[in-house]
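A closer look at the structure
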Amino acid sequence: KCECRKPKIGLLIKAVNGLADIDLKNSFFIGDSIRDVKTGKSFGCRTILVLSGRESLDNKTQWEVQPDFIADDLSQATEIIFTQSRKV
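The following paragraphs examine the structure supplied in this document. (Residues numbered from 1 in each chain as written. Predicted model: local features only at pLDDT ≥ 70, side-chain atom pairs only at ≥ 80, totals over all residues. Heavy atoms only, no water.)

1. Description of the state of the cysteines
Disulfides are covalent bonds that link the sulfur atoms of two cysteine residues. The line we're drawing: Disulfide: a pair of cysteine sulfur atoms within 2.5 Å of each other. Here the term buried applies to any residue with accessible area under 20% of the maximum for its type, exposed to any over 50%, and partly exposed to those in between, with areas from a 1.4 Å probe on protein chains only.
A full pass over the atoms with the stated rule returns one disulfide. Paired through a disulfide, C2 and C4 show a sulfur-sulfur distance of 2.4 Å. Its S-S torsion of about 120° marks the bond between C2 and C4 as right-handed, since a negative value means left-handed. Judged by relative accessible area, C2 falls into the partly exposed class, the value being 39%. Considering cysteine sulfurs only, C4 is the nearest to C45, which forms no disulfide, with 18 Å between them.

Spelled out as structure tokens, the structure:
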């Protein structure tokens, strides 16, 4: 029941506390589970789900929330961030 446990955002709030000029809507939260996606969305970030084995596209219709982007690995997630950052 701790506020610091995902999908709650207490730990993220603590992490950005005191940092200036963080644009959450243009920030990315990367994870390998739908719980991570839910956490990122709750915090106001764009989300990238990395398909590292915890989730499968076969289950996409059953996901509680949908990620903004899906990547096969962290390298592809990085490319998504670079591409999307150029659009802002």
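So, next bit.
2. Some points on the pairing of strand β2 (residues 46-50)
Inclusion rule: Think of it this way: any DSSP run of H or I at least four residues long counts as a helix, any run of E at least two long counts as a strand, and we number them from the N terminus. Here, any two strands with at least 2 DSSP bridges between them count as paired. Handedness of a crossover: with both strands directed away from the viewer, a clockwise path from the first strand across the helix to the second marks it as right-handed.
Of all five residues in β2, five are buried, a share of seventy percent or more. Relative to β2, strand β1 (residues 28-31) runs parallel, the two being bridged by four bridges. Bridge pairing in β2 places I30 opposite I48. Note that the unit made of β1, helix α2 (residues 34-43) and β2 has a crossover that is right-handed. As judged from the three bridges shared by β2 and strand β3 (residues 69-71), these two strands associate in the parallel manner. Bridge pairing in β3 links L49 to I70.

3. With respect to the packing of aromatic side chains
For the record, the criterion: Here a pair means two rings of Phe, Tyr or Trp (six-membered ring of Trp) with centres within 6.5 Å. Their orientation is stacked below 30 degrees between planes, edge-to-face above 60, and tilted elsewhere.
Within the structure shown, the criterion is met by one aromatic pair. With a centroid separation of 6.2 Å and an interplanar angle of 45°, the aromatic rings of F28 and F69 are classed as tilted. Of this pair, F28 sits in strand β1 while F69 sits in strand β3, placing them 41 residues apart in sequence. With relative accessibility at 18%, the residue F28 sits in the buried group.

4. Some points on the sheet that holds β1
Keep this limit in mind: Fitted lines through C-alpha atoms serve as axes, helices being fitted only where they are in contact, and the angles separating the N-to-C directions of these axes extend from 0 to 180 degrees. Whether two residues are in contact is decided by their heavy atoms: any pair within 4.5 Å suffices.
Spatially, three strands are ordered β1-β2-β3 in an open sheet, and the strand pairing comes out parallel. Two strands in the sheet have a free side with no partner beyond their single neighbour: β1 and β3. Adjacent strand axes in the sheet meet at a mean angle of 25°, parallel and antiparallel pairs treated alike. Seen against the sheet, α2 touches β1 and β2 and runs at an angle of roughly 170° to β2.

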